[in-house]
Amino acid sequence: MIIPLALRADQTQEYYFSVKLAEVRRLQAAGHDIINLGIGNPDLMPSANTIDALIQSAQQPTSHGYQNYKGTLQLRQAISRFYSHTYGVTLDPETEILPLIGSKEGITHISLTFLNEGDGVLVPELGYPAYRAVSRMIGANVHEYPLLEHAGWQPDWEVMADLIASSPASEKTKIIWLNYPHMPTGAPATHALFEQAVRFAHDHQVLLCHDNPYSLILNKKPPISLLSIDGAKDVAVELNSLSKSHNMAGWRIGWMAGAKAYVDAVLTIKSNIDSGQFKPLMDAATEALGNSDDWHRERNAVYQGRLDAVHAFLDALGCTYTTDQEGLFIWAKLPDSVESAETLVNDLLEKKHVFIAPGFIFGPKGNRYVRVSLCVPEARIRTGIERILG
C-alpha cells in the first residue's frame, strides 16, 4: 500500500466468522458437506405478504430514488404499531424512531454520536463482539462488566458501579451496552432486570443502550422492551430489527427507538454516512411488521423442533446447558474431558464436517463454552448427531 493503515484498522482484527467461514468454504470446495451450526443466519422465509409488498413497490417508478434520511413515515408508523402491540410501548413515529440499515449500523452511529476518544464504555464480558470493536475503533476505553452465571447471567451491578467510580477523572463513562434476551447465553429479559438497569443509568448518568433483536424468538413469556420501564426514555435507547424476528437478516432493516433528543443526535451522524434505504425494502418491512401472532407462533414451532434436536446434539457431545434460554442460539458448557472450545470446534469441523461457534469469541469467560445456532433444518442437525455418534 502506498500509505499506512489508520491506527483503528491496524488495531482491529477481522471478524472471527469472516475468517472461519473462509475455512468452511475451503472444505466445501474440496467436496465436503459442511453442516453450519455456527451462524445466526435465519434460513426461513419472510411472510408471503412481505415478498409481495417488495415486488409491488419495486414496480413503481417512484420507488427508486433517494428517500428521507429518517425512512418513510409508513415504516415509522408500522414500527410504532409493532411496539404498541408487542411491548405495550408508545412511540411517536415522527420523533422517537430512526430506521437503520440493520441494528448493527446503530451500534456504530450511537458510538460516533456520543463517544469521544478516551471516554469509558461498559460492555458485558460475554456479548456481541461489535460492542467492543466499534468502541475501540472510536478510541473509547472499553471495560467489561461481569455477568453472574449463578444468577442466570445477570449483570453484576456492584462491580459496574465500582468500574465507573474508579475511572480516572479524565475518563467519563458514557455508555453501557445491554442485551436481553442475551446473546450468547440466551438469558431472558425480565422487568426486574430492566428496572435495575434504568435506576443504574439514572444514578450514574450514563446512556443505556439496549440491543433487543431476540425478544420474539422462543420467548417463554410475553416479550419486553426496555422502553416499557418508567423513566427509561430519559436515559436509554433501544435497537431492534427484523433480521431474526421476521426472517429478514439480509434485508438490513432495523431501527433505534428513544427520546427525540437522542434520535435527532444520531440522525445528525447517520445523515452524513448514508443516503437512506431502498423504498421497496422499507415498504416490505412495513408489511412484515404487521405479521400476525399466528405467523410468529408458527416460526417458533419450527425453532422448537430444531431446539430439541440441538439439545440431543449437545448431549452427544457431553455438553451441559439450561433449558430456559431464549433466542436463536443455545449456550452450552464443555465437559471436563474436552481441552478447549477451540479444540472441539476445530475437531468437529475437520473430522465431522460440522461447524459450531466457540464461546471465547464473545469474551474470555466463554473459553469453556460453545454456541449452537438454530438456523439449520432439523434434519441437518440430526445428521450432525449421526456424524458425532458414528
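Calculation criteria
- Residues numbered from 1 in each chain as written.
- Predicted model: local features only at pLDDT ≥ 70, side-chain atom pairs only at ≥ 80, totals over all residues.
- Heavy atoms only, no water.
- Helix = DSSP H or I, 4+ residues; strand = E, 2+ residues; numbered from the N terminus.
- Rg over C-alpha atoms; globule rule 2.2 N^0.38 Å.
- Buried < 20%, exposed > 50% of the residue type's maximum accessible area, 1.4 Å probe, protein only.
- Contact = heavy atoms within 4.5 Å.
- Areas by Shrake-Rupley, 256 points an atom, 1.4 Å probe, with all protein chains shown as cover.
- Salt bridge = Lys/Arg side-chain N within 4 Å of Asp/Glu carboxyl O.
- 1 Å grid on protein atoms, 1.4 Å probe; cavity = no way out; pocket = protein on both sides within 12 Å on 5 of 7 lines; lining within 4 Å.
- Points joined across faces, edges and corners; volume = space filled by probe spheres on them.
- Nonpolar A, V, L, I, M, F, W, Y, C, P; charged D, E, K, R; others polar.
- Pairing = 2+ DSSP bridges.
- Right-handed = clockwise from strand over helix to strand, strands pointing away.
- Axes fitted to C-alpha atoms, helices over the stretch in contact; angles between N-to-C directions.
- Phe/Tyr/Trp six-rings, centres within 6.5 Å; stacked < 30°, edge-to-face > 60°.
- Lys NZ or Arg CZ within 6 Å of the ring centre and 35° of its normal.
- Domains from an automatic or database assignment.
- Buried area = accessible area lost by both parts, 1.4 Å probe.

**Looking at the overall build of the chain**
When helices and strands are tallied, the chain shows 14 helices and 14 strands. For 390 residues, the compact-globule estimate of 2.2 N^0.38 gives 21 Å, and the chain sits close to it at 21 Å. For the chain, the C-alpha atoms occupy an extent of roughly 60 × 55 × 55 Å along the three principal directions. The buried share of the chain, taken over its 390 residues, is 55%. For the chain, restricting intrachain contacts to residue pairs at least 6 apart in sequence, the fraction spanning at least 24 positions comes to 75%. When the accessible surface of the chain is totalled, it reaches about 16900 Å², and 52% of it is carbon and sulfur.

**Side note on the pattern of salt bridges**
Enumeration according to the criterion identifies 16 salt bridges in this entry. Across the pair glutamate 125 and lysine 365 runs a salt bridge, and its minimum N-O distance is 3.0 Å. Linking glutamate 125 in the loop between strand S3 (120-124) and helix H6 (129-138) with lysine 365 in the loop between strand S13 (357-358) and strand S14 (369-373), this pair joins segments that are 240 residues apart in sequence. Using a relative accessible area of 14% as the deciding quantity, one classes glutamate 125 as buried. The partly exposed category is assigned to lysine 365, whose relative accessible area is 33%.

**A short note on empty space enclosed by the protein**
Leftover empty space is mapped by rolling, across the atoms, a probe with the size of a water molecule. For the coordinates displayed, the defined rule picks out one cavity of 30 Å³ or more. Of the volumes computed, that of the largest cavity is approximately 50 Å³. What lines the largest cavity is simply Pro181, His182, Met183, Pro184, Gly186, Tyr214, Glu326, Gly327, Leu328 and Phe329. When grouped by side-chain class, the residues that make up the lining of the largest cavity number six nonpolar, three polar and one charged.

**What to know about unusual backbone geometry**
Residue proline 181 is bonded to the preceding tyrosine 180 through a cis peptide linkage, with omega at 0 degrees. Its location among the elements puts proline 181 in the loop between strand S7 (173-178) and helix H8 (191-204). Of note, the amide linkage connecting methionine 183 to proline 184 takes the cis form, showing an omega dihedral of 20 degrees. Assignment of secondary structure puts proline 184 in the loop between S7 and H8. The backbone of leucine 218 sits at a positive phi, close to 55 degrees, despite the residue not being glycine. Structurally, leucine 218 is set in the loop between strand S8 (207-211) and helix H9 (232-235). With a relative accessible area of 9%, leucine 218 lands in the buried category. We note that arginine 252 has phi near 55 degrees; this positive angle belongs to a residue other than glycine.

**Topic: the pairing of S3**
Taking burial as the measure, the five residues of S3 include five buried ones, the bulk of the element. Sheet topology note: the S3/strand S4 (residues 141-145) ladder contains five bridges and is parallel. Note on S4: the bridge partner recorded for leucine 122 is histidine 143. Crossover S3 to S4 through H6 is right-handed. As judged from the three bridges shared by S3 and S7, these two strands associate in the parallel manner. Bridged to valine 121 within S7 is isoleucine 175.

**What about the sheet that holds S3?**
If you walk across this open sheet you meet the seven strands as S2-S10-S9-S8-S7-S3-S4, and the pairing is mixed. On the outer flanks of this sheet lie strand S2 (97-100) and S4, each paired with one strand and no other. With direction set aside, neighbouring strand axes in the sheet form an average angle of 20 degrees. Bridge analysis of S8 against strand S9 (residues 236-241) gives four bridges, and the strand direction is parallel. For leucine 208, the partnering residue across the bridge sits in S9 and is alanine 236. Packed on one face of the sheet, H8 meets S7 and S8 and runs near 150 degrees to S8. Its contacts with the sheet put helix H10 (residues 260-270) on S2, S8, S9 and strand S10 (254-258), and the angle it makes with S2 is roughly 30 degrees.

**A short note on the packing of aromatic side chains**
One pass over the structure, following the stated rule, counts 13 aromatic pairs. Aromatic side chains phenylalanine 82 and tyrosine 83 sit 6.2 Å apart centroid to centroid with 65 degrees between the ring planes, which places their arrangement in the edge-to-face category. Each member of the pair, phenylalanine 82 as well as tyrosine 83, is classed as buried. Judged by centre distance (6.3 Å) and plane angle (70 degrees), the rings of tryptophan 331 and phenylalanine 362 are edge-to-face. On the criterion of sequence distance, the pair formed by tryptophan 331 in strand S11 (residues 329-333) and phenylalanine 362 in the loop between S13 and S14 is long-range, its members being 31 residues apart. On the basis of relative accessible area, tryptophan 331 is assigned to the buried category, the value being 3%. Positioned above the aromatic ring of phenylalanine 329 is the side chain of arginine 371, whose terminal nitrogen or guanidinium carbon lies 3.6 Å from the ring centre.

**With respect to the domain arrangement of the chain**
When the domains of the chain are assigned, the result is domain 1 (7-45 + 294-389) and domain 2 (48-291). For domain 1 versus domain 2, the distance between C-alpha centres works out to 25 Å. Residue-level contacts link 34 residues of domain 1 with 32 residues of domain 2. The largest share of the area that domain 1 buries against domain 2 comes from Glu326, Phe362 and Lys365, three residues that together contribute 25% of it. Taken together, domain 1 and domain 2 are joined by one salt bridge. Within the residue set of the side of domain 1 that touches domain 2, elements represented by two or more residues are helix H12 (293-317), S11 and S14. Looking at the side of domain 1 that touches domain 2, the element that brings in the most residues is H12, giving seven residues. The residue inventory of the side of domain 1 that touches domain 2, partitioned by class, reads 15 nonpolar, 12 polar and seven charged.

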